[in-house]
Amino acid sequence: MKDGKLLSSGKARSISKLAQEILEKRKRKPILLMAHQIVGYPDFEVNYEMIRLFQECGVDLVELQIPFSEPIADGPLFLKANQKALERGVTVEQCLDFAQKVTRDFALPCLFMTYYNILLQYGVQRFVETAKSIGIRGLIVPDAFPEESEEYFAACKQEQVDPILVVTPYTPVNRLEYLAKKAEGFWYCAARKGVTGFKTSFGEATTDFLSRCRQYASTPIAVGFGVQRPEDVRYLVNKSDIAIVGSTLLNVLEAEGTPGVREFLLSLRP
């Protein structure tokens, strides 16, 4: 990076403030950690305690998932958590209020993860404006495709909220080139095809995939889907800028409570 620009495929492109912050922090850490929470599950009080632990244990970014009835990218554990949160009456407004409290109380960049129907029901422009106003730095909306979601991408650009795009090992090169022109913040590189919550065998295929992403990405890159052990995080050092931990955190919380979460998070540091 030079003067706020990231070099990719021989070209320089101005990058967002979030991307610059990630790259600056990467100078001090071999890899950053992003931790996930489904807002309202098991309840807002536990969510808040988890995020307090994230800050204490050196987590670098927080992914706040707004519950949705048909979370197509999520595996059985997250599907159950989404359903339980909705059964308890968790609303989008409550999630927004919680996120505002989190961004006020903790010095951690926070992003929303959800699905496009949530934005459509709330109002796309209104949702992005509200996210900006409460301090959300980026949005991960897996089913918001650039060709079909012009209003969303225009609103993100206007409000300077980064649209985080998802790529997989099956994303063809011409698609990577296209997405590099649309992405801000970082690329969410799903380490395998499928849904969250299952083990990924990190190996040569993963290395090739991430090398391909690095070649075309005009932002930092993050890896999720199957980051479950300290060895997984260590494997991603020098291959990715961010390791994303989600389902395993929830598994540990349900099995061992917050003391187990603390121990697990501290174990992830390479």
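Definitions and cut-offs
- Residues numbered from 1 in each chain as written.
- Predicted model: local features only at pLDDT ≥ 70, side-chain atom pairs only at ≥ 80, totals over all residues.
- Heavy atoms only, no water.
- 1 Å grid on protein atoms, 1.4 Å probe; cavity = no way out; pocket = protein on both sides within 12 Å on 5 of 7 lines; lining within 4 Å.
- Points joined across faces, edges and corners; volume = space filled by probe spheres on them.
- Helix = DSSP H or I, 4+ residues; strand = E, 2+ residues; numbered from the N terminus.
- Nonpolar A, V, L, I, M, F, W, Y, C, P; charged D, E, K, R; others polar.
- Expected span 1.5 Å × (residues − 1).
- Buried < 20%, exposed > 50% of the residue type's maximum accessible area, 1.4 Å probe, protein only.
- Arc of directions from axis to C-beta.
- Contact = heavy atoms within 4.5 Å.
- pLDDT = per-residue confidence, 0-100.
- Core = buried A, V, L, I, M, F, W, Y, C linked by side-chain atoms within 4.5 Å.
- Salt bridge = Lys/Arg side-chain N within 4 Å of Asp/Glu carboxyl O.

Applying the stated criterion to the full structure yields 1 cavity of 30 Å³ or more. Here the largest cavity defines a volume of roughly 70 Å³. Along the walls of the largest cavity sit His-36, Gln-37, Ile-38, Tyr-41, Phe-78, Gly-246, Leu-249 and Leu-250, which together make up its complete lining. Sorting the residues of the lining of the largest cavity by element identifies strand 3 (32–38) and helix 11 (247–267) as the ones contributing at least two each. Of all the elements, strand 3 adds the most residues to the lining of the largest cavity, at 3 residues. Here the residues of the lining of the largest cavity are counted per class, giving 5 nonpolar, 3 polar and no charged.

Now for helix 4 (residues 92–105). Along its 14 residues, helix 4 runs 20 Å from first to last C-alpha, staying within 8% of the 20 Å computed at 1.5 Å per residue. Buried within helix 4 are the following residues: Val-92, Cys-95, Leu-96, Phe-98, Ala-99 and Val-102. Looking straight down helix 4, one finds that the buried residues subtend no more than 165° of arc, so they occupy a single side. For helix 4, the elements touching its buried residues are helix 2 (44–56), strand 4 (61–65), strand 5 (110–113), helix 5 (116–122), helix 6 (124–133) and strand 6 (136–140).

Here Glu-159 lies in helix 7 (residues 150–159). In this structure, the C-alpha to C-alpha distance between Glu-159 and Val-128, residues 31 residues apart in sequence, is 7.1 Å. Beyond its immediate sequence surroundings of up to four residues, Glu-159 is in contact with Gln-125, Val-128, Glu-129 and Lys-132.

Moving on: the confidence of the model for the protein. Taken residue by residue, the protein gives an average pLDDT of 90. The fraction at 70 or more is 90%. Across residues 1–11, confidence stays below pLDDT 50; counting only partners more than four residues off in sequence or on other chains, it has 29 contacts. Here residues 193–198 is a poorly scored stretch, pLDDT under 50, and it has 20 contacts once near neighbours within four places are set aside; other chains count.

Further remarks concern the nonpolar core. Proteins that are soluble and globular tend to have nonpolar side chains buried together. In this structure, Phe-54, Phe-112, Phe-127, Leu-139, Tyr-152 and Trp-187 are the most contacted members of the largest nonpolar core, which totals 98 residues. For this core, the element with the most residues is helix 11, which contributes 7 residues. Every residue in contact with Tyr-152, bar those within four places of it in the chain, is listed here: Tyr-116, Leu-119, Val-124, Val-128, Leu-139, Val-141, Ala-144 and Pro-163.

Moving on to unusual backbone geometry. Put simply, Tyr-41 and Pro-42 share a cis peptide bond, and its omega is -5°. Its location among the elements puts Pro-42 in the loop between strand 3 and helix 2. Phi at Asn-238 takes a positive value of approximately 75°, unusual for a residue other than glycine. Among the secondary structure elements, Asn-238 is positioned in the loop between helix 10 (230–236) and strand 10 (242–245). In this structure Asn-238 comes out as exposed when scored by relative accessible area, which is 69%.

Glancing now at the pattern of salt bridges. For the structure shown, the criterion picks out 16 salt bridges. Here Glu-56 and Arg-262 are joined by a salt bridge, their closest N and O atoms 3.0 Å apart. One end of the pair, Glu-56, is in helix 2; the other, Arg-262, is in helix 11, and 206 residues separate them in sequence. Residue Glu-56 is classed as partly exposed on the basis of its relative accessible area, which comes to 43%. Within the structure, one salt-bridge network assembled from shared partners comprises Lys-25, Lys-29, Asp-60 and Arg-269.

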